Structure formats: structure tokens, C-alpha cells
Amino acid sequence: TTTTADQATTHLLRNRIMPSMDTFQAGIGAVLMIHSLVSMQHFKEFAMATESRESPPLDIILECLLGMSLCIIAVVTRAGNFMTNKAAPYSAKKTFDSLSYRKNFAIFNHRPVRLDQKS
């Protein structure tokens, strides 16, 4: 039988030797975003040289969006299972309105004063 320590060691070694799919996906996304950055820089230089006011090519925009979405998906899948967000025991019994109430920040004179007002 294997112990928890053996499983953890195996997991660490496996991740060092062979990265997981989400690491590969994040790498591809980062490469796509860097390539779209370089392409956009070339386009800006070309547009300044020809003094044209064209919008960026669609392939650069799509490449940037694809790279960004790949990076986001990789980071979210790498995070694992999300845990529930439970309120602290002292605030679980309070209503939503009373959670943000603080005596120190209670300001009752909140209407603006007009400077041109005659008294």
C-alpha cells in the first residue's frame, strides 16, 4: 500500500517531469498573446508610416482573444475545485443591511450645501 507522503512525492515528480494539460494550454495562450502583441506593433508602425487610420486586422484581434481565453481557462482549471464561501458565525445571524453598518461612518449631514444660497 502507498502512503499519503508517497502519493504526494509521486505527484510532485510527475508534475516536474510531465507538466499537466492546463500548463501547456496556458503556455500556448501566452505565446499567442505575445505574437498578437508583436503583430499589433508591426501594424501600428505600418499605419504610422502610411498615415492611414485603419482599424487593426481581424486576425490580430481574434488571436489576442483566443490567447486570452486560453489563459483564463487554464488558470481556472488549474485552481481546482472551488470551496463554498461561508459567513463567519457572528455575522451569519445578522441581516444584510446590518453587516455594513458602522457607527464611526454614520454621517447624517449628507446633503450638499449650496454656496450661492441666501440665508
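Residues numbered from 1 in each chain as written. Predicted model: local features only at pLDDT ≥ 70, side-chain atom pairs only at ≥ 80, totals over all residues. Heavy atoms only, no water.

**Q** Which parts of the structure should I look at to understand the overall build of the protein?
**A** Helix and strand counts for the protein come out as five helices and zero strands. Tracing the protein from N to C terminus, the helices and strands come up as α-α-α-α-α. Counting all 119 residues of the protein, 11% fall into the buried class. Contacts spanning at least 24 positions in sequence make up 74% of the contacts within the protein whose residues lie at least 6 apart. For the protein, the exposed surface amounts to about 11300 Å²; the carbon and sulfur share of it is 64%. (Helix = DSSP H or I, 4+ residues; strand = E, 2+ residues; numbered from the N terminus. Buried < 20%, exposed > 50% of the residue type's maximum accessible area, 1.4 Å probe, protein only. Contact = heavy atoms within 4.5 Å. Areas by Shrake-Rupley, 256 points an atom, 1.4 Å probe, with all protein chains shown as cover.)

**Q** Looking at this structure, I do not really get the pattern of salt bridges. What am I missing?
**A** Proximity of charged atoms lets side chains of opposite charge pair with each other. This model, assessed by the stated rule, comprises one salt bridge. Between Arg 78 and Asp 22 there is a salt bridge, with the nearest N and O atoms lying 3.4 Å from each other. Taken together, the residues Arg 78 in helix 3 (residues 58-79) and Asp 22 in helix 2 (residues 21-50) connect sequence positions 56 residues apart. Overall, Arg 78 belongs to the partly exposed group, its relative accessible area being 48%. On the basis of relative accessibility, which here comes to 15%, the residue Asp 22 falls in the buried class. (Salt bridge = Lys/Arg side-chain N within 4 Å of Asp/Glu carboxyl O.)

**Q** Before we go on, may I ask you to explain helix 3 in this structure?
**A** Because an α-helix packs 3.6 residues into every turn, residues spaced three or four apart end up facing the same way. Over its 22 residues, helix 3 runs 32 Å from end to end, which matches the ideal 32 Å to within 8%, given 1.5 Å per residue. Those residues of helix 3 that are buried are in contact with helix 2. Immediately downstream of helix 3, the backbone of Gly 80 shows phi near 85°, a positive value. (Expected span 1.5 Å × (residues − 1).)

**Q** Explanation requested: the side chain of Glu 63 in the structure shown.
**A** The topology assignment puts Glu 63 in helix 3. We note that Glu 63 is buried and unpaired, the nearest opposite charge coming from Lys 44 at a distance of 16 Å. (Lys, Arg positive; Asp, Glu negative; His and termini not counted.)

**Q** What's the story with a nonpolar patch on the surface in this structure? I'm lost.
**A** A grouping of Met 33, Leu 58, Ile 61, Leu 62, Leu 65, Met 68, Ile 72, Val 76 and Phe 82 is seen on the molecular surface, where their side chains present a nonpolar patch of about 860 Å² in accessible area. The biggest single contributor to the nonpolar patch is helix 3, with seven residues. Looking at the element boundaries, Leu 62 is found in helix 3. (Patch = residues over 30% accessible without salt bridge, like charges linked within 9 Å, V, L, I, M, F, W, Y side chains within 5 Å.)

**Q** I would appreciate a short explanation of the packing of helix 2 against helix 3 in the present structure.
**A** The description of two helices packed together rests on the angle between their axes and the distance between the axes. At a minimum axis distance of 8 Å, the contact between helix 2 and helix 3 shows a crossing angle of 155°. Of the possible angle classes, the one that applies to helix 2 and helix 3 is roughly antiparallel. In the packing of helix 2 onto helix 3, the handedness of the crossing is left-handed. Across the contact of helix 2 with helix 3, the residue classes break down as 15 nonpolar, eight polar and three charged. (Axes fitted to C-alpha atoms, helices over the stretch in contact; angles between N-to-C directions. Parallel < 35°, antiparallel > 145°, perpendicular 65-115°, else oblique. Left-handed = near helix turned anticlockwise from the far one by under 90°. Nonpolar A, V, L, I, M, F, W, Y, C, P; charged D, E, K, R; others polar.)

**Q** Explain unusual backbone geometry here, please?
**A** Comment: phi is negative for the bulk of residues other than glycine, and the bulk of peptide bonds are trans. In the Ramachandran plot, Glu 51 falls in the positive-phi region, its phi being about 55° despite a non-glycine side chain. Along the chain, Glu 51 turns up in the loop between helix 2 and helix 3. Glu 51 gets classed as exposed once you look at its relative accessible area, which sits at 71%.

**Q** Just checking my understanding: could you explain helix 2 for this structure?
**A** In a regular helix each residue adds 1.5 Å, so 30 residues correspond to 44 Å; helix 2 covers 43 Å between its end C-alpha atoms and thus fits that length. Those residues of helix 2 that are buried are in contact with helix 3. Two residues or fewer past helix 2, Glu 51 is found with a positive phi of approximately 55°.

**Q** I tried to follow the confidence of the model for the protein on my own but got confused; where do I start?
**A** Note that predicted coordinates carrying low pLDDT should not be read in detail. Of the residues in the protein, 61% reach a pLDDT of 70 or more, and the chain-wide mean stands at 78. The secondary-structure element of the protein with the lowest mean pLDDT is helix 1 (residues 4-17), recorded at 60, while helix 2 shows the highest, at 93. (pLDDT = per-residue confidence, 0-100.)

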